[in-house]
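Geometric and topological summary
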Amino acid sequence: MDRQSDRTRALLLVTGSRFTQKSLAKQLSGFLPEDVAIVPYMVEEKNPPLDGTYFTVFSSEEVYEQFLHQGGQSLISSHIVGTRTVINSNIDQILTLPRDQKILLVTDSEISAVDSISNLQRIGFDFLQLIPFYPGCDVPRGVGIAITPGDPDQIPAGMKAVYNIGTRLFDPSTVVRIMAHYGVLETEIYAYTDTFIQSLLDTAARISDVAYENSRVTKAARMQLAGNGHFAKYHFDDIIGASPRILHAKNLARKISASDLTVLLEGENGTGKELFASAIHKASGRSKEPFVAINFSALPDTLVESELFGYEEGAFTGAKKGGKIGLFQQADGGTIFLDEIGDASPALQAKLLRVIQEREIMRVGGNKIIPIDVRIIAATNRNLKQMIAEKRFRQDLYYRLKEGYLHLPALADRKEDIPLLLEDWLKTRFDGAKTISPEVTALLLERDWQGNIRELLNTMKYAFAVCDGDTILPKDLPPDEESSPPAAQAEAFSDCICTSTQRCILVAIREISENNGIPGRTGIFKHLKAQGKSVSEYRIRQELQQFQSMDLVQSATGRYGVYLTEKGWDFLVRNHPK
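Below is a short write-up of the structure. (Residues numbered from 1 in each chain as written. Predicted model: local features only at pLDDT ≥ 70, side-chain atom pairs only at ≥ 80, totals over all residues. Heavy atoms only, no water.)

1. Overview of the overall build of the protein chain
When helices and strands are counted, the protein chain shows 22 helices and 23 strands. Out of the 578 residues belonging to the protein chain, those deemed buried represent 50%. Partitioning the intrachain contacts of the protein chain with sequence separation of at least 6 by distance along the chain shows that 70% fall at a separation of at least 24. Here the protein chain displays about 27100 Å² of accessible surface, and carbon together with sulfur accounts for 50% of that area. (Helix = DSSP H or I, 4+ residues; strand = E, 2+ residues; numbered from the N terminus. Buried < 20%, exposed > 50% of the residue type's maximum accessible area, 1.4 Å probe, protein only. Contact = heavy atoms within 4.5 Å. Areas by Shrake-Rupley, 256 points an atom, 1.4 Å probe, with all protein chains shown as cover.)

2. Side note on the packing of helix α8 (residues 244-257) against helix α9 (residues 273-282)
To describe two helices that pack against each other, one gives the angle between their axes and the distance between the axes. α9 packs onto α8 with a crossing angle of 40 degrees between their chain directions and a minimal axis gap of 8 Å. Classified by the interaxial angle, the pair formed by α8 and α9 is oblique. Note on packing geometry: the crossing formed by α8 with α9 is right-handed. Between α8 and α9, the residues in contact are Ile246, Ala249, Lys250, Ala253 and Ser257 and Phe276, Ala279 and Ile280, respectively. (Axes fitted to C-alpha atoms, helices over the stretch in contact; angles between N-to-C directions. Parallel < 35°, antiparallel > 145°, perpendicular 65-115°, else oblique. Left-handed = near helix turned anticlockwise from the far one by under 90°.)

3. Remarks on the environment of Pro519
Structurally, the position occupied by Pro519 is in the loop between α19 (500-514) and α20 (521-530). Accessibility expressed as a relative area gives 4% for Pro519, which makes it buried. Note: C-alpha distance between Pro519 and Leu506 (13 residues apart in sequence) is 10.0 Å.

4. Some words on the sheet that holds strand β4 (residues 76-81)
If you walk across this open sheet you meet the four strands as β2-β1-β3-β4, and the pairing is parallel. The sheet is open, and its two edges are formed by β2 (38-42) and β4, each paired on a single side. When strand polarity is set aside, the average angle formed by the axes of neighbouring strands in this sheet is 25 degrees. Where strand β1 (residues 11-15) meets β2, five bridges bridge the pair, whose relative direction is parallel. Opposite Thr15, over in β2, you have Met42 as the bridge partner. Along the sheet, helix α2 (residues 18-29) contacts β1 and β2; its crossing angle with β1, the most-contacted strand, is approximately 145 degrees. Each of β1, β2, β3 (54-58) and β4 touches helix α3 (residues 61-69); the most contacted strand, β4, lies at about 155 degrees to it. (Pairing = 2+ DSSP bridges.)

5. Topic: the sheet that holds strand β8 (residues 145-148)
Pairing is parallel across the open sheet formed by four strands, whose spatial order is β7-β6-β8-β9. Only two strands of the sheet have a single partner each, and these edge strands are β7 (129-133) and β9 (161-164). In this sheet, adjacent strand axes meet at a mean angle of 30 degrees when their direction is disregarded.

6. Let's talk about the packing of helix α10 (residues 301-309) against helix α12 (residues 346-358)
Here α10 crosses α12 at 15 degrees, and the two axes come no closer than 11 Å. Taken as axis vectors, α10 and α12 run roughly parallel relative to one another. Pair α10 / α12 crosses with left-handed handedness. When α10 is examined against α12, the residues Asp301, Val304, Glu305, Leu308 and Phe309 are found in contact with a partner set consisting of Leu348, Lys351, Leu352 and Val355.

7. Points about the nonpolar core
Formed by 33 residues in total, the largest nonpolar core has its most connected members in Phe296, Leu308, Phe328, Ile336, Leu338 and Ile341. Residue contributions to this core peak at five residues, all from α12. When neighbours within four sequence positions are excluded, Phe328 is seen to be in contact with Leu308, Phe309, Ile336, Leu352, Val355, Ile361, Ile372, Val374 and Ile376. (Core = buried A, V, L, I, M, F, W, Y, C linked by side-chain atoms within 4.5 Å.)

8. Details of the packing of aromatic side chains
Evaluation of the coordinates by the stated rule reveals eight aromatic pairs. Residues Tyr398 and Tyr399 carry aromatic rings whose centres are separated by 5.0 Å and whose planes lie at 75 degrees to one another, so their mutual orientation is edge-to-face. Residue Tyr398 is classed as buried on the basis of its relative accessible area of 2%. Above the plane of the ring of Tyr405 lies Lys402, whose end atom (NZ or CZ) is 4.5 Å from the centre. (Phe/Tyr/Trp six-rings, centres within 6.5 Å; stacked < 30°, edge-to-face > 60°. Lys NZ or Arg CZ within 6 Å of the ring centre and 35° of its normal.)

9. Considering the pattern of salt bridges
Scanning all chains against the criterion turns up twelve salt bridges. When the shortest N-O distance is used, the salt bridge between Arg354 and Glu360 registers 3.1 Å. Two residues, Asp476 and Lys475, come together in a salt bridge whose shortest N-O distance is 3.4 Å. Accessibility expressed as a relative area gives 63% for Lys475, which makes it exposed. Three or more residues are tied together by salt bridges with common partners; here these are Asp260, Arg286 and Asp373. (Salt bridge = Lys/Arg side-chain N within 4 Å of Asp/Glu carboxyl O.)

10. A closer look at helix α22 (residues 566-575)
Among all positions in α22, only Gly568, Phe571 and Leu572 are buried. The buried side chains of α22 occupy one side of the element, clustering within an arc of 95 degrees when seen end-on. Exposed positions of α22 whose direction lies more than 90 degrees from the buried face are Glu566 and Val573. (Arc of directions from axis to C-beta.)

11. Examining the pairing of β4
The pairing of β3 with β4 spans five bridges and is parallel. Each residue of the ladder has a partner; that of Thr56, found in β4, is His79.

12. A closer look at unusual backbone geometry
Unusually for a residue other than glycine, Arg359 sits at a positive phi of about 55 degrees. Locating Arg359 in the fold gives a position in the loop between α12 and β16 (360-361). A relative accessible area of 27% means that Arg359 is categorised as partly exposed.

Laid out in structure tokens, this is it:
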């Protein structure tokens, strides 16, 4: 990678002061990919010379204008002017401040002071009488309390009490935009959301006499995280295809979106059920509220229950102090997507039926009924009618879920959409770096695609990875597994998984899953380290991407790492039996 590529991947973080720079850089490093370097730039200080262009994030509009005034325009390839929030772990300091006294809100500029007050009022602190104070202001008579979001050096003399609530960090809408730029929105958003809401709830729990403010702040935080549909990634325009089957499915989905019906999506693996669920939410009246998802096949039943409903402190060994809010509450006002609902146990099915009927939940280990307002979209690749006949799925739950029903066509039933999908991916996923020969398109149209769109996409990822020229040729395609004998398939997998490190990672995924753990990048790293094997998290990430392209593993919905596919399990059974 050349120096310009390094700069393109880097993030230029422009702030006013070094203290703000340090705080925001620490926040960004919590979710940015490891290979993204954060390049610091402070408009109030002298900076080393920079060349090239960068994706640039500004800490405020004021800093952005000052940066342009200093001649920094040439360094910007694209940019975001961030907005910042005062919601943080120190916010509980000001919940108990008197309502009948004027209080200074102190920052280093008028814009920051006014913005901070507006932010506090928006999230529920409008009961405080806040007065903006910045350099050049006179101290109002009789004011003895000051609040500052990280500017204690600007506090005027004579204050009887000072509350430093910490530097304002980027708010969720800004974080989501940065995640989207680096392509980590799907993998990191749920971890970030859980941390954000949980830290707020922990703060609220420490204040026993301000329940009114607690509920308002929690609601405001959830609204802020939801933003304008940031949890749901896809619109109907993202569903590519012009075949009669896909157009019929999209037309029905749009009509269902306008209602508030519970929805059941049925279709084979890889047909785009989560894509449709996201699009339905985006087109609904709940589009500005949260969209959260959980995959029943990726988690043991006991963990699914605590994730869905939350739990109280002390509910079980290892439960967090203060308990945990569940996905149903996080989705309150919005939509929850229950993927692979056919894998839910009978006990969990009964609880889900009650939630749909009563619109209320109870946390694990709790005794309090919590009302919820959530739209439910469920999906499955199983034949639920057959499961009902076999007494493995509740008939009453099936018909509750099937208020709005949609069957998604398999790719084999709409092969005429394959050229359109390829054309779209060339633009959106592969940056137009290569072309696809007509011979390749013809071969792709002949295959059966039992893995549907996911298999087609993995095939193209493989072809782009191995292609040496500017055009994808037939020799660049992986073998058609349906026409290959089992022995040839086994040999092909064995040849691809050739290093000891790759084999160790696959075995680790199996062992972690069997122990009800979460086989994500960090979990695999710790598991191998405990066995005395040194493999970096960066290397693990690279190998997981390769395994996904070979369909040995798939990403679990939310922040639950990866899971072995049938091919992955088959490979381990044949090559690494227990």
